[in-house]
Amino acid sequence: MMVFFKHPYGFLLFQKYHSIIQLIIQKDLTMKLQYLLFACFLFAGSGCDLFESDGFNVDDKGTLKVVFDNVVGDKDLTLNSGSYVNAAGETFNVTTLKYFISNIKLTTEEGKVVVYPQESSYFLLDESDPTSLTLTLTDVPAGNYKSLTYMIGVDSLRNTMDVSKRTGNLDIAGKAKGMYWSWNSGYIFFKMEGASPQAKPAADGTTNYRYHIGQYGGGFGTPPVKTINNLKNSTLTFGTDMLKVRKNKTPQVEVKMDVLKVFTGQYTMKLAENPVIMVNPLGANVSANYIQAYALVSMKNNVP
Amino acid sequence: MKRVWMLFLIAGCSTVDPKPETPTEYTFKAPEGFPATAYRFENTPITQAGFELGRSLFYDGKLSRDGSISCADCHQQEAAFSHFDHDVSHGIDDRLGTRNAPALFNLAWHSDFFWDGGVHDLDLQPPSAIMNANEMDESLDRILEKLRKDSKYPAMFRAAYGTEEVTTARFLKSLSQFMLLMISSNSKYDRYIRKEAGVTFTADEQEGLRVFNLKCATCHPAPLFTDLSFRNNGLKPTPNPDLGRALITLRDEDRLRFKVPSLRNITESPPYMHDGRFSSLERVLEHYNSGVQATENLDPLLSQNGRRGIVLSDAEKRALIAFMKTLKDDTFLSDKRFSHP
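Residues numbered from 1 in each chain as written. Chains lettered and ligands numbered in written order. Predicted model: local features only at pLDDT ≥ 70, side-chain atom pairs only at ≥ 80, totals over all residues. Heavy atoms only, no water.

What follows concerns the layout of surface pockets. Residue and element names in this part refer to chain B. Volume-wise, the second largest pocket comes out at about 370 Å³. Taken together, 17 residues line the second largest pocket, and the ones lying closest to its centre are Thr27, Lys29, Ile183, Ser185 and Arg337. Grouping the constituent residues of the lining of the second largest pocket by class yields 6 nonpolar, 5 polar and 6 charged. (1 Å grid on protein atoms, 1.4 Å probe; cavity = no way out; pocket = protein on both sides within 12 Å on 5 of 7 lines; lining within 4 Å. Points joined across faces, edges and corners; volume = space filled by probe spheres on them. Nonpolar A, V, L, I, M, F, W, Y, C, P; charged D, E, K, R; others polar.)

Shown next as C-alpha cells:
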C-alpha cells in the first residue's frame, strides 16, 4: 500500500481506489490486490496523463496569470487615436486609462476561500504599459477553483495604513503618482481621461473629460463621518470547468473591461453634462457602471 | 550626555551603552494633563538625526517647484508657525490660495488636518501643500530626486535611517518628527494652572478665564483649546463661498463647516478665520457678539434662546483678550530647536 504515498499524487490515487481496494480486501483476493498495486505502480510511474492532469499534492504551489484587455465594445481599445461613440451618442477618445486591481481571492470547488497575500496583491494597470495588464500570481496553492474575486481600487485598510507600508505600486511618490489625492487623502481607484467634442467646455474652452474615481468610505473626523464608498469587487466564475492550479501548469484567465460600459449600464453618463467627475457624488454612478464592465473572456488550463 | 559618561565610568564595562542616545529634548513627551495622542508613534521613532533632517527639509525651498517656497514661508515660528499678516496662503509665483495657513503645534493630538479635515495622518499632510498649484506646486518624486542629488541630504538620511536611501516614507516621516516635537505647553496659562511659583493672573486675566469657561470652552476646551470638531460659526457668506468640510465629505450637513482652531498663541497668529477675514481678536469677538449669520448648518451653540451669537459685553471682551494673551507660549515661539537651521 505504501506505493501510493511514494508517488507525488499517491495519496489521491489512494483515495480514488480506496473503495475498490476495500472491496478486494473484503473478498480476500490477496493475489489480485498485489497485482493491482503493481499495475498502479507501473501506470503511475510512467507519468500517464490520466492521473497527472487532475492530481496534485496539497502542498504544491503554482502560478496563475490573469490578463486584462481593455476594449471598446467588440474593438480593442487604442489610446489617443481610437475614436468611439458612447451610449449618449457622444464621440470620445481615451488618452489615459489606469486602475488598481487588488485583494485577489480564489474559491475552491469545495467553497474554501484562498486569499492571495494582500501585501503582494496591489496591481496598477495602465493601458499605456501593456506589461502592466498581465497579473502573474505566484505561489498559489494547487487546487481546483470555481471562481476568482478581485477589487477595483485600494481597500480602506491600506488607504489608511502607515506611509511606510505603501511601497511599490502604492508609493505616492513612485508608481502611484497621479493615482493619489493629497488634499482628500486617498488613492484614485480608476482613472479614465480623454476628449469629446460634445463635452461641456472647461473655462479655457477645452472639451476634455476626466473621471477620477476613488473614496473608500471615510470614517474620519470628530464625530466620524462616513463618505461615499466606491470600492467594488468583481467575481469571475468558471462554471463546470474548474480553474486548475498545478505545480507545472500555469492557467491563464483573460478578462475584458469594456470602456463603453463605463458610460452606461446602471447610469448613462453624459459628457455634455458632467465631463469632470472626481470627488463627486456622481463617482458612485461611474463605479456602479465600471464594475459591470469587467467580464471573463476565457479561462485556459494546462498552459505549460 | 555627561551623565551617561559618568555612569559609564563608574559602571566600567557593565550594562551602560556608551553610544550617544537621542537627548531628552528630542524625545516626545506629552505634557501633563494632555489627552491621548492621535499620532501612530509606533511607526515613527523620533531621533535627533531624524528631527534635524525634518527641520532642514521644513526650511528648504527645494520642496517647491522653483526653489522659492519652503514650508516655513507660510509657517513662521514667530507667528506660531502660521503666516503672519496674510489672510490666505501666498505661494509660488505670487499665487494666492483660498485659505489661511493654520498655526502648527501640538499636532500629535490631531487626527484630521487642514480646515476641511481632508487628511487623516500627519505623515500625509505635507504632500497636500507640496502638490497644491498655489502653494509649492511640486511633485513628490521630483523632490526625492533633488534630495538624492543634493550635497548634504544623503548623509543626513544615513544619519537618521542608517542608509542614504531617500524614500517617500523617510522623507515624510522626517517632517513628522520635526513637527511632532513642536509642543506648546508653557504659556503663562499653563504655568498658572501648574501653580508654578510666582505666576499669578491679574484680575482681568482671571475674569477672562471665567468668561472663557462660560462662553468659549465648549468648542475651545483646554488643554488643546480646540475640540478638533468641524463647525459653522456663522461667518457672512462670500459670493462664492468655500464649502469647507463638505468638499471632503460631500454631505450637505457639512457645508460651511471648518475645523475649530486652537486658541494657543492666538495673539501671534493673525489674521483669523479660515479665510483670514478678521485682522484682530477684537473683530473676532465682535463677530461672535453681533455678526453671526443664520447660514445653513449654523452651529446650534451659536443660536440659543432665540438669539444668534454669544452675548459679550465690552468688559467681557477686554477680559477675554487679556486671557487669550496668557495663551502665548514664549518658550515655544523662541525655541531654537524649531528655528531656521
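Continuing now.
This part takes up the confidence of the model for chain B. On average, residues of chain B score 93 in pLDDT, and 94% of them are at 70 or above. When the criterion is pLDDT under 50, residues 1-18 of chain B qualifies, and its contacts beyond four places in sequence or with other chains add up to 8 contacts. (pLDDT = per-residue confidence, 0-100. Contact = heavy atoms within 4.5 Å.)

Now for the packing of helix H9 (residues 203-215) of chain B against helix H12 (residues 314-325) of chain B. Residues and elements named next belong to chain B. Their axes nearest at 7 Å, the elements H9 and H12 cross at an angle of 100 degrees. In terms of axis orientation, H9 runs roughly perpendicular to H12. Packed against H9, whose contacting residues are Asp204, Glu205, Glu207, Gly208, Leu209, Val211, Phe212 and Lys215, the element H12 presents Glu316, Ala319, Leu320, Ala322 and Phe323 at the interface. Considering only residue class, the contact of H9 with H12 consists of 7 nonpolar, 1 polar and 5 charged. (Axes fitted to C-alpha atoms, helices over the stretch in contact; angles between N-to-C directions. Helix = DSSP H or I, 4+ residues; strand = E, 2+ residues; numbered from the N terminus. Parallel < 35°, antiparallel > 145°, perpendicular 65-115°, else oblique.)

What follows deals with the interface of chain B and chain A. Facing 31 residues of chain B, the contacting portion of chain A comprises 28 residues. The contact between chain B and chain A buries some 2300 Å² in all, and 58% of this surface belongs to carbon and sulfur atoms. For chain B, the biggest contributors to the area lost against chain A are B:His120, B:Leu124 and B:Leu250; these three give 24% of the whole. One can count 2 salt bridges joining chain B with chain A. B:Asp141 is the salt-bridge partner of A:Lys177, the closest N and O atoms lying 3.0 Å from each other. (Buried area = accessible area lost by both parts, 1.4 Å probe. Salt bridge = Lys/Arg side-chain N within 4 Å of Asp/Glu carboxyl O.)

Residues and elements named next belong to chain B. Their axes nearest at 7 Å, the elements helix H2 (residues 48-58) and helix H6 (residues 153-161) cross at an angle of 150 degrees. Residues Ala49, Gly50, Glu52, Leu53, Ser56 and Leu57 of H2 form the contact with H6, whose own contacting residues are Tyr153, Met156, Phe157, Ala159, Ala160 and Tyr161. Broken down by class, the residue content of the contact of H2 with H6 amounts to 9 nonpolar, 2 polar and 1 charged.

Once that is clear, we can look at empty space enclosed by the protein. Overall, the coordinates contain 1 cavity of 30 Å³ or more when judged by the stated rule. Its boundaries defined by the atoms lining it, the largest cavity holds a volume of some 140 Å³. If you go around the largest cavity, you meet 16 residues; those closest to its centre are A:Asn184, A:Gly218, A:Thr227, B:His120 and B:Ile248. Only strand S13 (216-220) and strand S14 (225-229) of chain A together with helix H10 (246-249) of chain B provide two or more residues apiece to the lining of the largest cavity. Here the lining of the largest cavity gets 4 residues from one element, more than from any other, and that element is S13(A). In terms of residue class, the lining of the largest cavity is made up of 5 nonpolar, 10 polar and 1 charged.

Right, let's get into the state of the cysteines. Residues and elements named next belong to chain B. With the rule as written, the count across this model stands at 0 disulfides over all chains. No disulfide involves Cys219; its sulfur sits 8.9 Å from the nearest other cysteine sulfur, which is in Cys216. Overall, the relative accessible area of 17% leaves Cys219 in the buried class. (Disulfide = S-S within 2.5 Å. Buried < 20%, exposed > 50% of the residue type's maximum accessible area, 1.4 Å probe, protein only.)

Residue and element names in this part refer to chain B. Tallying each qualifying case throughout the model produces 37 aromatic pairs over all chains. Judged by centre distance (6.1 Å) and plane angle (75 degrees), the rings of Phe178 and Phe338 are edge-to-face. Here Phe178, found in helix H7 (residues 168-180), pairs with Phe338, found in the segment after helix H13 (330-333); they are 160 residues apart in sequence, far enough to count as distant. Taking the relative accessible area as the measure of exposure, Phe338 reaches 0% and is therefore buried. (Phe/Tyr/Trp six-rings, centres within 6.5 Å; stacked < 30°, edge-to-face > 60°.)

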